Structure formats: C-alpha cells, structure tokens
Amino acid sequence: MLRSHTCGELNKTHLGGKVTLCGWVNSMRDHGGVTFFDIRDRYGITQAVCSPEDSADIFEEIKQLRSEWVVRVEGIVSERPAETVNLRIQTGEIEVRVQNLKIMNPSLPLPFELSEAGKTDEILKLKYRYIDIRSPRLNGNLRKRALFSHKVREFLIKENFTDVETPVLTKSTPEGARDFIVPSRLNPGNFYALPQSPQLFKQLLMIGGIDRYFQIAKCFRDEDLRADRQPEFTQIDMEMSFVEEDDVIAVTERMLKYAIEEAFGLEISIPFPRITYDESVSKYGSDTPDMRIPFEYRDLTDIFKNTGIKILKEIIEKRGIIKGFAVAEGGSISLKDIENIDKLVREAGGGGLGWIRFRTDEIQSPFKKLLDAETINKLKPDGKSGNSILFFLGGKPKPVRENLNMIKKAVAGKAFKPQAGIFKFTWVTDFPLFEYDEAEKRLQAVHHPFTSPREEDIPKFKTGPSGMKSRAYDIVLNGIEIGGGSIRINSRQIQEEVFKTIGVEKKVYLERFGFLLEALEYGAPPHGGIAMGLDRLIMLLAGEDSIRDTIAFPKTQKGACPLTNAPGSVEESLLKENKIRVDIPKTE
RNA sequence: GGGGCCGUAGUUCAGCGGUCUAGAAUGCCAGACUGUCGAUCUGGAAGUCGCGGGUUCGAAUCCCGUCGGCCCCGCCA
C-alpha cells in the first residue's frame with residue numbers, strides 16, 4: 001500500500017504517529033515561512049504543514065505544489081494549536097507535519113473549478129467527467145447508488161430471488177419504444193436490437209421454473225431525452241411465479257423500505273397508500289400524483305347547476321363539467337397572482353378562471369353577487385375558512401383537467417413549496433388495459449401487451465375492449481413514475497386476443513412473439529413482476545434534478561458522449577463486413 | 001418534428017436602445033508574507049464575443065442561417 005491511512009480518518013488518537021497519506025492537493029496556503037496544504041481523497045481532507053525547521057529541502061519542494069497534483073505525504077500527526085482547530089472537517093483537530101513528500105503526478109490546472117461544477121456548462125463537465133466525479137456531490141451520488149443497489153441485491157437474495165443475466169443482443173419488437181439496432185456480420189441484412197427491458201426473458205424464466213427472478217439490468221430506448229430520461233438506463237427488474245398483485249406490491253415495498261433505510265438513512269413507512277387510476281386522474285389530474293401537494297380536485301358541476309351564473313350554466317348544458325380545488329392557506333396569493341393565473345388559463349384557451357376567496361365572515365369573488373348563502377356554504381372547503389381560495393374551471397373534462405394542472409403548478413410555486421427530504425410513495429392501480437392512439441387510429445396497450453386483463457373483463461374482448469381494466473400497478477414517488485409492473489398473461493389464447501385488439505397482424509405477432517406464444521403452451525405458471533427505474537429513484541433520494549447526476553458517464557440531450565465522442569463514424573471496412581451502406585439524404 | 005432559454009478570458013457571468021482599445025469575480029503566472037484553512041497583499045498574462053453570411057462608415061450588440069447545450073411538448077409498450 002502506498003498509504004497508511006486515508007485523508008478522512010486521522011484524529012487525536014493518532015497523535016505522534018508516523019503516517020503516509022495519498023491524495024490530491026486541495027488548496028495551497030503558502031505563508032512564506034510556513035506552508036499549509038490540504039490533501040484530499042474521497043474519505044476527507046487532511047491538513048499538511050511544513051516549515052523550514054521540519055526540513056529545508058522539503059519546504060522548498062512543497063512550494064512547487066499546485067492544486068490537484070497527486071502526492072504522497074509522510075509525516076507525524078500533530079495537535080493543532082487550540083485556536084487553529086477547524087471543526088468543519090473531520091480531521092480538523094490534527095495536522096500532519098511533513099517529513100517526506102513524493103509528487104506522484106502533477107496536474108494541469110483544471111478546465112473548471114470543482115466548486116463551480118454545479119453551474120458549469122454541461123458539455124465541458126461531460127468531456128472531463130472524471131474531474132467532475134472528483135466533486136463530493138457526484139462522488140457521493142455514485143457511492144449512494146452503489147450502496148443502494150447492494151442493499152437491493154442483499155434483500156432480494158435473502159428473499160430467494162435468483163439474479164439471472166439476460167441477453168443484450170436480442171430481437172427487435174414492433175410495440176413500444178424505438179429500438180437501438182446492431183448489425184449482424186454473420187447474418188448480413190439482419191439486426192439485433194438492444195433490449196428495451198428484459199420483459200420477455202423474465203417471463204420465460206418463470207416458465208423455466210426460476211420462480212423468483214431479479215436483475216439490475218441495463219435497458220435501451222431510442223427516444224428523445226429528458227432530465228429524467230437517458231438512452232440507456234438501469235432497471236431493478238423482478239418477476240415472481242404464483243403471485244397476485246398484492247404479493248408483488250408487498251415485496252417491493254419491503255425491498256424499498258430496506259434499501260432506502262440502509263443506504264440513505266431515511267425512515268420509510270409501509271404499506272404505501274394506493275389509489276386507483278380513475279380516482280387519481282379525477283382527484284389529481286394525473287396518473288402520477290404528487291402526494292406532497294395537498295390540493296384535491298372536486299367536481300362542482302352539481303353545485304353550480306342551479307345558480308344564476310349564466311356562463312357556468314351554459315357550460316353545463318353543453319355537457320361540460322365544473323371542477324376546481326381549494327388552497328387552504330391562500331393568504332399569500334394576491335389578486336395580482338389570480339390575475340396572472342387567469343391570464344395563463346386564457347392563453348391556454350381555457351376560458352376564464354373562476355375563484356372565490358373565503359374570509360372569516362365574507363367572500364371575495366367575481367361571482368359574489370350571484371352566489372347565495374347556501375351555495376357558498378356548499379363550496380366552502382371542509383372546516384377551514386380562514387383564508388382559503390377555491391379555483392375552478394368549466395368545460396370539457398380533458399381541457400379542464402389540463403388547465404387545473406397548470407393552475408396547480410402555478411399555485412404550488414406560490415403558496416406551497418414541497419420540502420426537500422419528503423418522500424411520498426403511492427401505488428396507482430386498476431389501469432385501463434388499452435387506450436386509443438389518436439395518431440395511429442387504433443387501441444394500444446397502456447402498460448405493455450403482456451399485461452393481464454382482469455378476469456371479469458375477459459368477455460369484453462368481444463363487446464368493448466376499451467373499457468377493460470388491467471392487472472397493472474405503477475409506483476409513483478413525489479409525482480414521478482419510478483416503476484411499474486403487472487400480473488402477466490399466461491395463456492396463449494388471451495395473449496393472442498391482446499395482439500389482435502391492438503391491431504398487430506397474426507403474421508407479425510407470430511414472427512416477433514411466436515416463441516412466447518409457444519412457451520405459454522408449455523405449462524406457464526401464473527406470474528407477475530415489476531421494474532423500477534434505478535436512476536430516477538437515486539435522483540429523487542439524492543435530491544438531484546436530473547438522472548445524469550446519478551450516472552457515471554451520461555449522455556447529452558442529443559445522445560452524445562462528449563468524453564469519448566460517441567456516437568462516431570466507423571471504419572469503412574467494418575461497414576463492408578457488415579454489408580452496410582450509409583445513405584444520408586441531403587436536406588435543403 | 002415543435003416551443004422556450006442560453007453560447008463573451010481556463011471557469012462563472014456583466015456588457016446586447018450600434019463607439020468596446022470588451023469588463024468583473026474566480027482560476028492561472030510572478031513576487032511578498034511563520035498559523036492558514038474560500039488565506040491575505042502587490043503586480044501580470046489571458047478573449048476568433050460558438051460558426052457562416054447580411055445590414056451599416058462602424059456589429060459582441062440588429063437581421064438571416066447554422067452548430068451546440070439545457071428545459072419542455074410530441075415521443076418514451
């Protein structure tokens with residue numbers, strides 16, 4: 001070993017001891033007659049000190065040091081003079097009096113300052129990712145991620161899950177996201193696809209009697225990127241045989257509780273609340289509700305039906321709805337704010353904003369004169385009327401919901417800011433099995449086409465598949481979907497019904513999914529599972545805004561890696577071997 | 001495919017109703033300094049104002065195009 005200790009562990013118990021530290025020079029403080037410098041490694045920072053009395057030669061050599069040089073320092077652990085103790089660092093009570101110095105590698109000045117890394121240009125940070133990784137934030141995120149993954153594995157192995165690797169070179173499937181493809185040299189003109197998830201393989205593992213499978217698996221989807229989407233990402237992928245929804249949900253909850261508590265030191269209480277898809281959309285306007293935000297939508301159509309407010313009456317007569325939500329502590333929302341929100345709604349084409357402010361004994365509202373006491377009473381939010389505001393809109397359900405979501409966002413930014421460190425998990429259940437795809441003019445699987453319908457809905461394949469409910473469940477954390485799963489179809493006949501319903505021709509599904517259909521006929525047990533986005537989970541738990549900050553070497557929004565310059569061109573010979581000709585159309 | 005914001009010393013940013021011989025902070029270099037810890041003080045170097053074109057006597061600044069970054073919509077079974 002080149003070192004006897006790390007830079008984070010020395011304290012008064014080591015006084016007088018001879019130690020050797022290795023690390024990066026963190027900051028030089030040359031006072032002429034005495035020089036201090038900090039050595040940093042991922043464990044911490046230790047101050048080194050040297051004056052000519054220690055050694056004239058070493059003292060001179062230290063003057064050459066610069067930030068980020070890699071050094072090995074040999075010296076004696078000494079007590080700092082009382083007034084110079086630094087309580088902000090772990091090792092602040094001691095310092096190392098340098099007896100020997102080895103410069104292991106000098107460094108150029110860094111292309112950006114570690115302390116500025118938070119706001120440095122993304123492309124520069126990615127080009128020098130290894131420098132960014134030296135920052136405690138990124139370094140810490142990667143270690144938290146590793147610890148979390150370790151705890152997940154530990155838990156699942158204890159619970160009898162078997163970690164199985166599935167292929168990365170696999171087959172393209174027509175449903176779902178765009179595939180990344182890999183040419184096959186041995187089969188010219190044919191391509192592998194990188195897996196969008198190990199979905200089919202894990203189902204086959206169930207048919208193979210593995211019973212409980214998991215994998216921390218890389219997945220690939222060639223779609224446009226977002227702060228929480230990378231072209232390659234990692235899922236905690238699980239599948240279990242002979243289970244129902246509650247079994248998958250329960251083991252997932254226990255796993256998350258264990259891994260989060262162990263890796264992040266947070267307290268997580270289970271079971272997590274559940275909400276049905278329909279209720280979530282109706283109350284929160286979304287199937288990924290953020291349970292930190294307490295505003296619930298209320299249908300006010302019946303209350304307004306018989307009032308003298310003409311605009312609202314007309315909306316209701318045209319089979320529209322009136323819907324709104326109350327802000328309990330609305331004191332910080334000014335008339336000016338309301339005006340701005342109204343402007344937002346109008347700009348989005350949502351008609352006008354209705355609002356009522358409830359004070360202790362009066363109300364304030366553009367409709368004040370048109371509202372009788374009884375109606376006001378009905379509209380009043382439960383109990384609290386100190387200074388609450390009710391916002392509402394009328395119109396067709398979908399735009400009303402969308403505009404309410406917009407208002408909610410605006411109000412949440414004004415009157416309610418979710419605290420950092422609050423984690424609200426929710427299960428969303430009873431998803432529709434299919435949804436209508438406007439662009440393609442056909443039904444599509446909401447979850448994926450291997451999701452089982454509810455038993456009682458099976459006859460609806462014939463009578464009206466759009467009303468079918470699935471056995472799928474999503475898990476949402478603070479308004480962000482972090483995972484989803486379902487009980488799968490284990491009957492060939494139902495699987496074929498689903499393909500037909502979503503408009504996949506028999507020829508196509510036999511070609512693409514024939515192996516699955518066949519497998520379902522060889523004793524496929526009932527099974528189900530879940531997949532969770534590891535990157536997103538770590539992002540939320542670490543308090544980051546982008547999954548890039550949880551991934552060692554992420555890509556830019558255009559899918560590029562400025563460090564390696566991927567993607568790049570390849571040798572002509574390689575194209576030839578793969579029988580590929582590049583043909584980029586010229587766009588004028 | 002579309003919308004928004006951004007691109008100026010190594011870095012973070014100011015300048016953007018045409019006059020800039022482009023500033024600040026920080027970093028860098030040199031010197032001073034025996035208790036600092038974001039050390040301090042003095043001095044210095046440092047810019048293709050993303051790239052291309054246009055308007056103009058004159059463009060970092062106005063216009064067009066283009067490349068790139070970030071956020072969002074579409075897309076993401």
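Everything numeric here is computed off the predicted structure, so don't read it as measured data.

Another aspect to go through is the nonpolar core. One broad rule of soluble globular proteins: the nonpolar side chains tend to lie buried together. Of all hydrophobic cores here, the largest spans 40 residues; its most connected members are Phe148, Met238, Met255, Leu256, Phe425 and Ile475. In terms of residue count, helix α6 (residues 245-264) provides more of this core than any other element does, 9 residues in total. In this view, Leu256 contacts Phe148, Glu261, Phe272, Phe425, Ile475, Met532 and Leu537; residues no more than four positions away in its chain are not counted.

To describe a pair of aromatic rings, you give the distance between the ring centres and the angle between the ring planes. Evaluation of the coordinates by the stated rule reveals 16 aromatic pairs. Where Phe450 meets Phe513, the ring centres are 5.5 Å apart and the plane angle is 70 degrees; that geometry is what we call edge-to-face. In this pair, Phe450 is assigned in the loop between β19 (442-445) and α13 (460-463) and Phe513 in helix α15 (residues 506-519), connecting sequence segments 63 residues apart. This pair shows no difference in class: Phe450 is buried, exactly as Phe513 is. When the ring of Phe499 is compared with that of Phe513, the centres are 4.9 Å apart and the planes differ by 10 degrees; the resulting orientation is stacked. Taken together, the residues Phe499 in helix α14 (residues 492-501) and Phe513 in helix α15 connect sequence positions 14 residues apart. Neither Phe499 nor Phe513 differs from the other in exposure class; each is buried. Among the aromatic residues, ring-to-ring pairing joins Phe295, Tyr297, Phe325 and Phe391 into one connected group.

The full set close to RNA strand B counts 47 residues, and Arg29, Thr84, Glu113, Glu223 and His447 are the nearest of them. Contact between RNA strand B and Gly176: a sugar or linking oxygen at 3.2 Å from a main-chain N or O atom of the residue. Taken together, the elements giving at least two residues each to the surface near RNA strand B come down to β1 (18-30), β5 (94-105) and α2 (122-127). Within the surface near RNA strand B, the residues separate by chemical class into 12 nonpolar, 15 polar and 20 charged.

Moving on, we come to the packing of helix α4 (residues 136-158) against helix α16 (residues 534-541). Viewed as axis vectors pointing N to C, α4 and α16 meet at an angle of 120 degrees, and their least axial separation amounts to 10 Å. With respect to each other, α4 and α16 are oriented oblique. In the packing of α4 onto α16, the handedness of the crossing is right-handed. Along its contact with α4, which presents Asn141, Arg145, Phe148 and Ser149, the element α16 presents Leu534, Asp535, Leu537, Ile538 and Leu541. Within the contact of α4 with α16, the residues separate by chemical class into 5 nonpolar, 2 polar and 2 charged.

Time to look at the confidence of the model for chain A. Mean pLDDT over chain A works out to 92, with 98% of the residues at or above the 70 mark. Confidence metrics for the complex model read pTM 0.94 and ipTM 0.92.

Considering the arrangement of structural elements, one finds Lys408 in helix α12 (residues 397-415). Spatially, the C-alpha atom of Lys408 lies 9.9 Å from that of Ala326, the residues being 82 residues apart in sequence. In this structure Lys408 touches Tyr284, Ile293, Phe295, Tyr297 and Phe325, once residues within four positions along its chain are discounted.

An order of β6-β9-β10-β22-β21-β20-β17-β11 is seen for the 8 strands of this open sheet, with the pairing classed as mixed. Here the strands that pair on one side only, and so sit at the sheet edges, are β6 (162-163) and β11 (274-276). Strand direction decides the pairing type here: β11 and strand β17 (residues 425-429), joined by 3 bridges, are parallel. Within the sheet, the bridge partner assigned to Arg274 lies in β17 and is Trp427.

Right, let's talk about the pairing of strand β9 (residues 212-220) for a bit. Across the 9 residues of β9, 7 count as buried, placing the element largely inside the fold. Two strands pair when backbone bridges link them, and β6 and β9 are joined in this way by 2 bridges, in the parallel orientation. Within the sheet, the bridge partner assigned to Thr162 lies in β9 and is Tyr213. Relative to strand β10 (residues 232-241), β9 runs antiparallel, the two being bridged by 9 bridges. Each residue of the ladder has a partner; that of Arg212, found in β10, is Met240.

Procedures and definitions
- In this convention, every chain numbers its residues from 1, walking through the sequence in written order.
- Here the convention is simple: chains get letters from A, ligands get numbers from 1, in the order in which they are written.
- Side-chain atom pairs in this predicted model are given and counted only at pLDDT of 80 or more, local residue features only at pLDDT of at least 70, and totals for whole chains, interfaces and linings cover all residues.
- Just so you know, side-chain values use all the structure's heavy atoms and leave hydrogens and water out.
- Grouping buried Ala, Val, Leu, Ile, Met, Phe, Trp, Tyr and Cys residues that are joined through side-chain atoms within 4.5 Å yields what is termed a nonpolar core.
- Partly exposed residues are those whose accessible area sits between 20% and 50% of the maximum for their type, while under 20% is buried and over 50% is exposed, using a 1.4 Å probe and protein chains only.
- Counting from the N terminus, the helices are the DSSP runs of H or I reaching at least four residues and the strands are the DSSP runs of E reaching at least two.
- In what follows, a contact means two residues having at least one pair of non-hydrogen atoms within 4.5 Å.
- A pair of aromatic rings is counted whenever rings of Phe, Tyr or Trp (Trp by its six-membered ring) have centres within 6.5 Å, and the orientation is called stacked for planes under 30 degrees apart, edge-to-face for over 60 and tilted otherwise.
- In these notes, residues near a molecule or strand are those with any non-hydrogen atom within 4 Å of it.
- Here a polar contact is taken to be a pair of N or O atoms separated by no more than 3.5 Å, where protein atoms must pair a possible hydrogen donor with a possible acceptor and residues adjacent in sequence count only if both atoms sit in side chains.
- Residues are sorted three ways: Asp, Glu, Lys and Arg are charged, Ala, Val, Leu, Ile, Met, Phe, Trp, Tyr, Cys and Pro are nonpolar, and all the rest, Gly among them, are polar.
- Lines fitted to C-alpha atoms define the axes, with helix axes restricted to the stretch in contact, and inter-axis angles between N-to-C directions lie between 0 and 180 degrees.
- In these notes the angle categories are as follows: under 35 degrees is roughly parallel, over 145 is roughly antiparallel, 65 to 115 is roughly perpendicular, and the rest is oblique.
- Handedness of a crossing follows from how the near helix is turned relative to the far one, being left-handed for an anticlockwise turn of less than a right angle and right-handed for a clockwise one.
- On a scale of 0 to 100, pLDDT captures the predictor's confidence in every residue.
- By definition, two strands form a pair when at least two bridges between them are found by DSSP.

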